[in-house]
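An overview of the molecular structure
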Amino acid sequence: MSQNKNTSVASSTVTRDLRQLDKGTENIYESIVVIAKRANQIAVDVKEELNGKLSEFASNNDNLEEVFENREQIEISKHYERLPKASLVAVDEFLNDKIYFRNPAKEQE
């Protein structure tokens, strides 16, 4: 996921030209499947990275009466909340030809 931290992906919704999305696959639906699968990969990577960082702060003695705020843990969480959504990163990667994909069904034809 560290590669996605340096990208200049818009953090909000951007209007896209659908004709741009099918330029690599010649099929809009296939392009959307590729983008969706890449977005899932990115989301899983980010979640694993976040859980790894937050696990450093986990304690075995958690109970409801003894809840305390850890400033570093809050800052880490805020940082990950500010990252662009996985779907936006995947669309950007797809449009900039940064995703390798293949369709075995097309290769057999």
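Everything below is about the structure shown above.
Only a predicted model underlies this, so the values are computations on that prediction, with no experimental measurement involved.

With respect to the packing of helix H2 (residues 28-55) against helix H4 (residues 86-95)
Packing of H2 against H4 leaves a shortest axis separation of 8 Å and a crossing angle of 130 degrees. Our classification of the angle between H2 and H4 gives oblique. Considering how the two elements wind past one another, H2 and H4 form a crossing that is right-handed. Residue-level inspection shows Ser31, Val34, Ile35, Arg38, Ala39, Ile42 and Ala43 of H2 in contact with H4, the latter providing Ala86, Ser87, Val89, Ala90, Val91, Glu93 and Phe94. Among the residues making up the contact of H2 with H4, the classes are represented as 10 nonpolar, two polar and two charged.

Some points on the pattern of salt bridges
Tallied over the entire structure, the rule returns three salt bridges. Here glutamate 49 and lysine 53 are joined by a salt bridge, their closest N and O atoms 3.9 Å apart. Of this pair, glutamate 49 and lysine 53 both sit in helix H2, four residues apart, which is roughly one turn of that helix.

Rules behind the numbers
- Residues numbered from 1 in each chain as written.
- Predicted model: local features only at pLDDT ≥ 70, side-chain atom pairs only at ≥ 80, totals over all residues.
- Heavy atoms only, no water.
- Axes fitted to C-alpha atoms, helices over the stretch in contact; angles between N-to-C directions.
- Helix = DSSP H or I, 4+ residues; strand = E, 2+ residues; numbered from the N terminus.
- Parallel < 35°, antiparallel > 145°, perpendicular 65-115°, else oblique.
- Left-handed = near helix turned anticlockwise from the far one by under 90°.
- Contact = heavy atoms within 4.5 Å.
- Nonpolar A, V, L, I, M, F, W, Y, C, P; charged D, E, K, R; others polar.
- Salt bridge = Lys/Arg side-chain N within 4 Å of Asp/Glu carboxyl O.

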